[in-house]
Each structure stands twice: as structure tokens, then as C-alpha cells.
Number of protein chains: 6
Amino acid sequence: MATVKLLSDAEADAIPAVKAVFDDIRATRKTDFINNFWRGLANDPASLARTWDNLKTVMTGETALPPAVQEMIYVAVSTANGCTYCVHSHTAAAKAKGMTPEQHAELLTIIGMAAQTNHLVTAMQLPVDDVFLVES
Amino acid sequence: MATVKLLSDAEADAIPAVKAVFDDIRATRKTDFINNFWRGLANDPASLARTWDNLKTVMTGETALPPAVQEMIYVAVSTANGCTYCVHSHTAAAKAKGMTPEQHAELLTIIGMAAQTNHLVTAMQLPVDDVFLVES
Amino acid sequence: MATVKLLSDAEADAIPAVKAVFDDIRATRKTDFINNFWRGLANDPASLARTWDNLKTVMTGETALPPAVQEMIYVAVSTANGCTYCVHSHTAAAKAKGMTPEQHAELLTIIGMAAQTNHLVTAMQLPVDDVFLVES
Amino acid sequence: MATVKLLSDAEADAIPAVKAVFDDIRATRKTDFINNFWRGLANDPASLARTWDNLKTVMTGETALPPAVQEMIYVAVSTANGCTYCVHSHTAAAKAKGMTPEQHAELLTIIGMAAQTNHLVTAMQLPVDDVFLVES
Amino acid sequence: MATVKLLSDAEADAIPAVKAVFDDIRATRKTDFINNFWRGLANDPASLARTWDNLKTVMTGETALPPAVQEMIYVAVSTANGCTYCVHSHTAAAKAKGMTPEQHAELLTIIGMAAQTNHLVTAMQLPVDDVFLVES
Amino acid sequence: MATVKLLSDAEADAIPAVKAVFDDIRATRKTDFINNFWRGLANDPASLARTWDNLKTVMTGETALPPAVQEMIYVAVSTANGCTYCVHSHTAAAKAKGMTPEQHAELLTIIGMAAQTNHLVTAMQLPVDDVFLVES
């Protein structure tokens, strides 16, 4: 039903470059579960390795933002881009990493309000105030 | 240059419903500066009051997320929606509320990576894994 | 500054297929003014003719919606798609065709509120109620 | 299956702030039916009350635009933002408020044509004509 | 389940203007299959004829780009616009017109990377380099 | 004017990790010119290195698609995402890599038509035909 094949574990294991990434995902996340995103990307082992490497670098280890906040930003972008799969998977990740129901509710409210003011600003075609343009 | 008039202070002061909101913005934010968003919205005093009231409720007082995080979520949505004015104003607000350069850099990286995986997922039309669909 | 050349009147007159369209735009709109959209499209005379023909058919003559409403719908889509040029040109057209300041204010409010609820719905990933799915 | 719980009538009735809004929705719309949007928002009673209050103010009572036109603008924004739920619910609302099949067909045509010209303009990066920038 | 009726062959045959387009689609594509896009558009025979006429002109006959490349561009736009139906139908068309698995993989990678750098650029609000603005 | 500092050559040279990337960009592209995208990203040397590494891997060397086609796909995504900077820079790159005026015109036409049919499909909420869902 996807536009690419979703590789089964057997199919993934048969391709060393894919197996290596799947093994690292499992070790890093401490779970056997591999979600469909990686099974789809596995059709292109180089892209799979590159994408996992980037994600692992940014979202794990020493980060500037708490893990739950990282996932909430991910949910915000995924919502604005209309990605059903991504909203589901990153909302689940945010909850797993400690997002409280109150934080989830506030996240939704801010996403909605930002979209509203984004559209109002675009419809009014407002010039940026000089004060926002000073060099940081 | 906007599609609506941007009300000057004199014009705003002449409309009691607008003056009341501008006064409250100044008092709440502890600054005389009123940015163009409010000057444009002021053409519709009811919309101005409603929008300010909502924003004040959500973004000030007791919040579930730290103010800098709220603004970073705002930047994330504004970027995905392509709103130049909003990216500028909310990036400035995030900095003013304590976002560090390291957090800004990580915010940009997550926004970029989320957009990338959003588009990969949509291009592959992946079905949502069952595990993400269990009731919260 | 555009990614294509904007044809001057002299350049347009030198290409019969372009001249014919420009003449028809002027006659239909009862003005000598040709805006940049058509000057850019004129690099591809077939596309210019096709686009003008479609626009003329839909937006003039016997229409199901009043001209100002047509333009307001155009502004709504252009805002959501983040097209600066289009927001400016179709807001101007809506005003010229009779959109009142009160209607403009309400248009902005509905665009903003729709964006807000669109994003809330997407972030919550709501299933469509059965009642909305009955055949029309 | 949503990322939030959809409150049942029993659950809604148990929270006075939610019950009050649901009662008002039923009274205002003269129907017992509460659609999923409100059942999802009800997880955050303050957001529920604020959103309903805004929607009721804008979409009912004395409006500058006919109800069916308001809903058509809502459909236009929802389409451009890719919100399945919203396209379904507001198309149903537009029909209920009197949108004719001819108006629906014209709405679709204008949405499609606006998207086409939006993208053409963005791909050409056209400068806005001076005439569109004069103060309204 | 759609917001419009999808015309059956019998219903299409009963409307001469629709039958003419369906016949031409079948003859041009050398297949009896008519996909839902045309069955939905058929509610508005004029829009059906115009859209098919435009598509046929652009996508068949003498083209400047190979058919598979045309479809890949279509997939790229459809992905960024979040259109599930369109991603499916144009990916299928690209495969049918010769897109190899390696080209499909590279298409996905470029779509993802473009989205990433698009968002990074927007979040940084970069000024366009002068060198990109010289007249073509 | 950007939300980040654009590093000058002197500033870039003072950071070894940045200098290394800038040197490689210059060597790979056989030009001294470094565009603003890299000067902005240079605030985060790790992100700069990762992004350049990915781009270099995908867009140079042995590719499945011709360089001009890669850039045209980039333009298509950038247009749909409304990224002014990206439309300019990748249109310039496509021309430099051999995109003809006829191909540019056809690219614009397909982008516009795809956006039109994307929006029509979304407004009609069409179910995907079974034939498009068979496993590839």
C-alpha cells in the first residue's frame, strides 16, 4: 500500500548495510521494534544509513534541548506539514520521553495559535518591524 | 504596502476599544513598543481584542512549558508555514526569553530534519504502525 | 530579479500569440494595464494563452458566485499557500469588485480561524465523523 | 486512534466546564450531535471554551458574509492546508447552509486555479506590481 | 465518501460532454480504466474537459522533458502539497513510464533534502545572494 | 537581517571545522563563491558539515538522474514549500547545469498543473483507486 516495499526482518537481514543500521537502531533504542519509516527507507541502504546517522546524532547523546521538547518541535513541524504518520509517531515519542498531558494540551494550543497568526500576518502582508531585524 | 492600514498611535488612541488593548499590551510586556501585527489587526477591534486575549492567556502567566520553549514551537510552525514576519518576531522573542545560541542551532536542525522525514514519509505513503495508534 | 524575463509591451507586441492574449486581457478588463503575472507567463505563449483562457472562463461571464466572493476565495487559498504576489493582487481585485472593509475583516478572521482549527485537527489526528461521509 | 482521547457524552458531562460548552453547542446548532473536533478539544476545557466562543462569535449572529460563503472560505483554507477532516466537515456545513452544486463546482475550480497560479507566481518569483501596493 | 459523487460509467455515458472526455482519455491512454480523479471532476463537465485538455497538451505529444521526468516532478510537488491520492497515482505513472528503482530512490532523497534545506533557509531568513538575481 | 549571523570569509577561516567545509565546497564546485546558505549554517559547524556532506553525496558523482533534472526536482519542492531563496538558487543551478528555456517553461507548467490537481483532489477527498495500491 506504500509506494515502496516495507522490508521484513528477513529481507533486512539479507542486506548487510541494512542489517547494520537495524541492529544499531535496536541497540540505541533498547527495543526490538523497527517502525515502518526505517523499513521503507531500507530500499535505499545509503539513504537509510545517512538518515539514521543524522537522527541519532541530533536526537540522542548531549542535546541542547530536553528530549521531550525536541519531540514537541518535531510534532509542530509535522503538523504544519500535514504528515499523519509523523504526527502519530512523534506524539508517541514525546509521551514516552515525558511530555505531560498539560504540556501536550499547551503544545496543541500553541500550534493552533501560531497557525492562526501566521495566516493573519500573510493575509495582511505585514512588513517586518525594524526592531526584529537588528543583527543578533 | 500591507493589504490593510497599520494604525498609528494617534489613530489607535482615537478608538477606545483599540486603545484599551494597546494599553494592556504595553502594560503586560512592559514596553511602549507595539509591533505591526497589532497595528494591522486594529482595523478590526473585536478581532484585535480576541486575538490578544487568547495570546495573553496562553503565553503568559502559569504555563506548562517554559516561555522560550513556547516561542521555539512558534518558530517551528511559522517556518513550516513560510511566514517571514512570524519567523523574525518569534525568533527575537525566543532569544529575549532565554533561548541560547546552542538551543537555536538545535531548533534549526530539528526543524530541517523533521521537514526532511515528513516529506520522505509522504513520498513513501507509509502506513502508521499499529503501536502508534493505541489509545493514549 | 524574477527567474524569468518580464516581457515589455514592445517585446510582447513582437510575438503575435502573446500580443493576441495581451489585447484580449486589455479588452476584457477595460484597462491598458498588464500585470507582471502575464508578462512572466508570456515567455511561454501556449501557457499564457491556456491560463488566460481558463481564468477568463471561470472568473468572468455567468458565474455561480459573485465576483467579490470569487476573489475572496482566491485570497484564502493564496494566503494558505503563502503567495505574497497573489495575496496582494487578489486583495486588490476583491476590493475593486466590491468587497467592503467589514467583509475584508471577516475574511481575515475566517482564514485565521480555519488555519487554527486545521492545525488542531491535524495535531489531534481526528477521525472524520460518519455523518460527514454520507454521500451527497 | 487519535493522539488524544475523544470524550464520550458521559465523560463530558462529568466535567462542568466541558458540559457547559457542549450544551451551548447543542443549543446554538439545534442538534444533539457533537462532532469529534469538540470531543478531542475537550481534553483541555479552557481551549475548548475559547475555541467555541471564537467560532460562535465569528460564524453566527450578524455576519458580513453569508453563512455559505463563510463555509466556502473555510473549505478553501482547509484544502490548501491539506486537512481531510476539515474539508469534509466544512463542505458538509456549506451544503447545509445553502451552497448549490453549481457553487460547489465553482468553488473547486477557483481553489484549483488559485493553487496553479500561486505556484506559477512562486516559481517565477514575480515582483509585486506597484499598483497593488498603494495604500487601501 | 468523497465530497462529490464519483460518476459510474453509466452515469458518465448519459452526459455527452462527459462521455466525450472519457472516450478521449481511454483512446489516448490506450486503456479502459478511468481513475477517480476524472470521475469526480465529471460533476462539472466544463472543468473536466478543460483539465483533461490541459493535461493532455502538457503531458503527451512533443515534450521538452522525458515522460518519466515529468511524472517525477509531479510526485515532488504532490509530496510537498501532501496529496496522498496524487503521490500514489503519479508514482505509479512514473514507474509505468520507465522510472527505475534507483531513480525513485534518488527522487525520494532529493525531495527530502530539498524540504530540509527549504526549512533551514526559511528559519534563517536568508537574503538571496546577488548572483542569483541577475537577469536570465 | 537574517535570524543568524552570515559568516564572512575571515570569520569562517577562524574556525577550522568551518574552513574545511568551505574549502571543500570551493574545490568541489570549482569556484570561490560561497552562497549565504552555507554562511548561515556555519554558525553550527556540525550541521554545516553534515548538510554539505549529504548534499555532495546526493548531487554529485554517480547519480541516477541527470544534474539538471535533480535541480528541477529541487525547484519543484522549493516552489511548493514557498522558499524564495531556494527557488532562486536552484533555478540558477538548473540553468547552469543545462536546463533549456523550453524545459524551464515545461517545468513551470507541470508545477502549476500539479498544484491545481493536488488541490482539486484534496477538495474532493478522492479515495485512491485500488490499481494504484498494488505492491510495486
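Because the structure is predicted, anything quoted here is derived from the model rather than measured.

**A closer look at the relation of the copies chain A and chain D**
- By a simple turn and slide, chain A fits onto chain D: the slide is 0.0 Å along the axis, the RMSD is 0.0 Å, and the turn is 120°. Taken together, the rotation angle and the small translation identify this as a three-fold axis. Identified as the residue of chain A closest to the rotation axis by C-alpha distance is Gly82 of chain A, at 3.7 Å.

**With respect to the environment of Thr109 of chain A**
- Mapped onto the elements, Thr109 of chain A comes out in helix 7 (residues 101-124).
- Measuring from C-alpha to C-alpha, the distance between Thr109 of chain A and Val18 of chain A comes to 40 Å, with 91 residues separating the pair along the chain.

**Quick look at unusual backbone geometry**
Residue and element names in this part refer to chain B.
- Residue Gln125 is not a glycine yet carries a positive backbone phi of 50°.
- Topologically, Gln125 is positioned in the segment after helix 7 (101-124).
- You can call Gln125 buried: its relative accessible area is 13%.

**A look at the interface of chain A and chain D**
- Chain A puts nine residues into the contact, and the matching count from chain D is nine residues.
- Where chain A abuts chain D, roughly 580 Å² becomes buried across the two surfaces, and 52% of that area is made up of carbon and sulfur atoms.
- On the chain A side of the contact with chain D, His88, Thr109 and His119 of chain A bury the most area, a combined 50% of that side's loss.
- Here chain A and chain D share two residue pairs in polar contact (both at pLDDT 80 or more) between them.
- If you list the elements that add at least two residues to the side of chain A that touches chain D, you get helix 6 (84-96) and helix 7 of chain A.
- Considering every element that reaches the side of chain A that touches chain D, the biggest residue donor is helix 7 of chain A, with five residues.
- Classifying every residue of the side of chain A that touches chain D gives three nonpolar, five polar and one charged.

**Some words on the state of the cysteines**
Residues and elements named next belong to chain C.
- Applying the stated criterion to the full structure yields six disulfides over all chains.
- Between Cys83 and Cys86 runs a disulfide, and the two sulfur atoms are separated by 2.1 Å. The sign of the S-S torsion, about 55°, decides the handedness of the disulfide formed by Cys83 and Cys86: right-handed. In terms of burial, Cys83 and Cys86 fall into one category: buried.

**Overview of the pattern of salt bridges**
- With the rule as written, the count across this model stands at 42 salt bridges over all chains.
- Between Lys97 of chain E and Glu71 of chain E there is a salt bridge; the shortest N-O distance is 2.8 Å. Of this pair, Lys97 of chain E sits in the loop between helix 6 (84-96) and helix 7 (101-124) while Glu71 of chain E sits in helix 5 (residues 67-80), placing them 26 residues apart in sequence.
- Taking the relative accessible area as the measure of exposure, Glu71 of chain E reaches 4% and is therefore buried.
- Put simply, Asp9, Arg26, Asp32 and Arg39 of chain A are held in one network by salt bridges that share partners.

**What to know about the domain arrangement of chain A**
Residue and element names in this part refer to chain A.
- Examined at the domain level, chain A breaks down into domain 1 (1-62) and domain 2 (63-126).
- One C-alpha centre belongs to domain 1, the other to domain 2, and the line joining them spans 25 Å.
- Opposite the nine residues of domain 1 that make contact, domain 2 presents six residues.
- Taking both sides of the interface into account, the surface hidden between domain 1 and domain 2 amounts to around 570 Å²; carbon and sulfur atoms contribute 55%.
- Elements represented by at least two residues in the side of domain 1 that touches domain 2 include exactly helix 3 (36-41) and helix 4 (45-59).
- With three residues, the top contributor of residues to the side of domain 1 that touches domain 2 is helix 4.
- Among the residues forming the side of domain 1 that touches domain 2, the class breakdown is four nonpolar, four polar and one charged.

Rules behind the numbers
- Residues numbered from 1 in each chain as written.
- Chains lettered and ligands numbered in written order.
- Predicted model: local features only at pLDDT ≥ 70, side-chain atom pairs only at ≥ 80, totals over all residues.
- Heavy atoms only, no water.
- Least-squares fit on C-alpha atoms with pLDDT ≥ 70 in both.
- Helix = DSSP H or I, 4+ residues; strand = E, 2+ residues; numbered from the N terminus.
- Buried < 20%, exposed > 50% of the residue type's maximum accessible area, 1.4 Å probe, protein only.
- Contact = heavy atoms within 4.5 Å.
- Buried area = accessible area lost by both parts, 1.4 Å probe.
- Polar contact = N/O pair within 3.5 Å; in protein donor to acceptor, adjacent residues only side chain to side chain.
- Nonpolar A, V, L, I, M, F, W, Y, C, P; charged D, E, K, R; others polar.
- Disulfide = S-S within 2.5 Å.
- Salt bridge = Lys/Arg side-chain N within 4 Å of Asp/Glu carboxyl O.
- Domains from an automatic or database assignment.

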